[in-house]
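Spelled out from the first residue to the last, the chains are:
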Amino acid sequence: MKNLENEAKRVLLGNWKDGFSVPCANLYPFQWKWDSGFIAIGFAHFDMDKAEKEVATLLDAQWDNGFIPHIVFHTKSDTYFPGPEFHQSELHPDSSKKYKSTGMTQPPVTGFVLEEMYNISKDKPATLAYINSVIDKVYHNHQYFYENRDPHQEGLVYIYHNWESGTDNSPIWDDIFATMNPPHYEFTRRDTTHVDASERPTNREYDHYLHIINIAKEHNYSDEKIAELSPFLVQDPLFNSMLIKSNEALINLYKMIGGNDDKIKQLTEWNTKSVHSMNTKLYDENLKVYVHYDLRNNKPIPFITSSSFSPVFANIATPEQVEGLVTVMLDKFGGEDKYLCASFDPTNERYNPKKYWRGPVWVNLNWMLYRGLRKYGYSELAERVKKDTIEIVEKSGFYEYFDARKEIHNTGKAGYGGGDFSWSAALLLDMLK
Ligand code: DGY
């Protein structure tokens, strides 16, 4: 495994720019919010200074209202579309005066990333001092979510764009897109000059992505207006699981730092409500998994994805619920011919084993499932997730996503999207430790 470890380090160091990392050269040439967190976990194992800088740079781009953008455009690059001139996040009065960014966010990983960094650290007092210098920003980010993204005060925050979910083109969104009829925009894709178009979203899908942003822009990215008007408004179990996990991490860290009782009390209140709503509103009794909820059209979206299992990462599910989740995972995703864990239900007709989030295996989801299953005592299944992750990377390299079908790995190209992808390297490194 030493070679794999060294390779992972090579990928991370190769994608390090001054003060932050790109997820992947050319394809994603800026800093992305959730990528940045996972990358910091990898760096924490061999270069804590870079891990700390990675997180600090992201937090430096935080807006006055606590919002943290999904992409921070640190540098000029013409290899990416849509860039800052399309997003125009400066329309929002609270936006960063220092950095250009998008006006949407991504899953709130930063809280639990700080706790991971602390656990990995060999110099705990120094790491805790660093955490003390940034933790209030992360708290402010959670406050932003609960105060601006939870219109019914349910403890479940919404996302208003599929790019906020991180699971960009999942089939979960298809029915929402079918309610929209966006114009055909004139634009030049850049992603498909770096990656085979059959592994990326279609141009028509991009029309929808741009259309939602245009609606937000027309209203200067006002949260109230977005909640009222965005055709895409979803409560996502993956996004909310990460928020809950990060709340829990902030509680643990504030306790270690000392003081901050008010914040601990507030985080605990948020978490109690969020866990309750996850287990009522987002848990589907029939499917025995967690599902997304379409807040615009007031209905659950009854599809099974790897996000459906993610509440195991955040101690949300009861032992009975986990038993149900595991059964579904093994039945539908875990056949002997497959690596765990496909991003979308392989038994569903919308499954596409090569296309981005419509089927392929992703290392970050596997990392969360591995951690969660281990914690709930499913050590054998956790080990399988880990073994599968190592094996796909060993066979194909540090790709962005992978085919779940074992036969493809034995016969041809089975790693897709960008190569030398930072979080695949970072989280694999963490799994090997
Ligand atoms: C992309 O460009 O596909 C990114 O995933 C958006 O966040």
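Conventions and cut-offs
Residues numbered from 1 in each chain as written. Predicted model: local features only at pLDDT ≥ 70, side-chain atom pairs only at ≥ 80, totals over all residues. Heavy atoms only, no water. Phe/Tyr/Trp six-rings, centres within 6.5 Å; stacked < 30°, edge-to-face > 60°. Lys NZ or Arg CZ within 6 Å of the ring centre and 35° of its normal. Core = buried A, V, L, I, M, F, W, Y, C linked by side-chain atoms within 4.5 Å. Buried < 20%, exposed > 50% of the residue type's maximum accessible area, 1.4 Å probe, protein only. Contact = heavy atoms within 4.5 Å. Helix = DSSP H or I, 4+ residues; strand = E, 2+ residues; numbered from the N terminus. Salt bridge = Lys/Arg side-chain N within 4 Å of Asp/Glu carboxyl O. Axes fitted to C-alpha atoms, helices over the stretch in contact; angles between N-to-C directions. Parallel < 35°, antiparallel > 145°, perpendicular 65-115°, else oblique. Left-handed = near helix turned anticlockwise from the far one by under 90°. Expected span 1.5 Å × (residues − 1). Pairing = 2+ DSSP bridges. Near = heavy atom within 4 Å. Polar contact = N/O pair within 3.5 Å; in protein donor to acceptor, adjacent residues only side chain to side chain. Areas by Shrake-Rupley, 256 points an atom, 1.4 Å probe, with all protein chains shown as cover. Nonpolar A, V, L, I, M, F, W, Y, C, P; charged D, E, K, R; others polar.

Below, the discussion takes up the packing of aromatic side chains. Applying the stated criterion across every chain yields a total of 43 aromatic pairs. For Lys245, the ring lying beneath its charged end belongs to Phe313, and the centroid distance is 5.1 Å. The ring of Tyr139 carries the charged tip of Lys263 above its face, separated from the ring centre by 5.7 Å.

The next point concerns the nonpolar core. The tendency in soluble globular proteins is for nonpolar side chains to be buried side by side. Grouped together as the largest cluster of nonpolar side chains are 150 residues, with contacts concentrated most on Phe38, Phe112, Leu114, Met117, Tyr160, Phe309 and Trp367. Once residues within four sequence positions are removed from consideration, Leu114 is found in contact with Val55, Tyr130, Ile131, Val134, Val138 and Leu253.

This part covers the environment of Pro84. In this fold, Pro84 is placed in helix H4 (residues 84-87). The class of Pro84 is buried, set by a relative accessible area of 17%. A C-alpha to C-alpha distance of 43 Å links Pro84 and Glu285, two positions 201 residues apart in sequence. If sequence neighbours within four positions are ignored, Pro84 has contacts with Phe73 and Lys100.

Once the charged atoms of two side chains with opposite charge are near each other, the side chains can pair. Under the defined criterion, the tally for this structure stands at 25 salt bridges. Where Lys281 meets Glu154, a salt bridge forms, and the shortest distance between an N and an O atom there is 2.9 Å. Here Lys281, found in the loop between helix H13 (261-280) and strand S8 (283-284), pairs with Glu154, found in the loop between helix H6 (124-148) and strand S6 (158-159); they are 127 residues apart in sequence, far enough to count as distant. We classify Lys281 as partly exposed; its relative accessible area is 24%.

Another point: the packing of helix H16 (residues 379-396) against helix H18 (residues 422-432). It is at 11 Å that the axes of H16 and H18 come closest, and there the two elements cross at 130°. With respect to H18, the element H16 is oriented oblique. Once H16 is placed against H18, the crossing between them reads as left-handed. Residues Lys386, Thr389, Ile390 and Val393 of H16 touch H18, and the partners they reach there are Leu428, Met431 and Leu432.

A few words now on H16. Compared with the 26 Å implied by 1.5 Å per residue over 18 residues, the 26 Å span of H16 between its first and last C-alpha is a close match. All of the buried residues in H16 are Leu381, Ala382, Val385, Lys386, Asp388, Thr389, Ile390, Ile392 and Val393. In the stretch just after H16, Gly397 is the one whose phi turns positive, near 105°.

Two pairing modes exist for strands in a sheet, parallel and antiparallel, and in both the strands are linked by backbone hydrogen bonds. Pairing is antiparallel across the open sheet formed by 4 strands, whose spatial order is S6-S7-S10-S11. One side of each edge strand has no neighbouring strand; the edge strands of this open sheet are S6 and strand S11 (299-301).

What follows covers the site of the ligand. Close to the ligand lie Tyr28, Trp32, His70, Tyr80, Trp163, Asp168, Arg200, Tyr206 and Tyr356. Separating an oxygen atom of the ligand from a side-chain N or O atom of Trp32 is a distance of 3.1 Å. Across the complex, the protein chains shield 95% of the 230 Å² of accessible surface that the ligand would expose by itself. Tallied by class, residues from the shell around the ligand come to 6 nonpolar, 1 polar and 2 charged.

The end-to-end C-alpha separation of helix H12 (residues 237-257) is 30 Å, in line with the 30 Å expected for 21 residues at 1.5 Å each. A side-chain oxygen of the first residue of H12 lies 2.7 Å from the backbone nitrogen of Leu238; this N-cap is Asp236. Phi turns positive, to about 95°, at Gly258, one or two residues after H12.

Note on placement: Asp191 falls in helix H9 (residues 191-194). Relative accessible area serves as the criterion here: at 6%, Asp191 is assigned to the buried category. Non-local contacts of Asp191, meaning those with residues more than four positions away in its chain, are made with Leu27, Arg200 and Tyr206.

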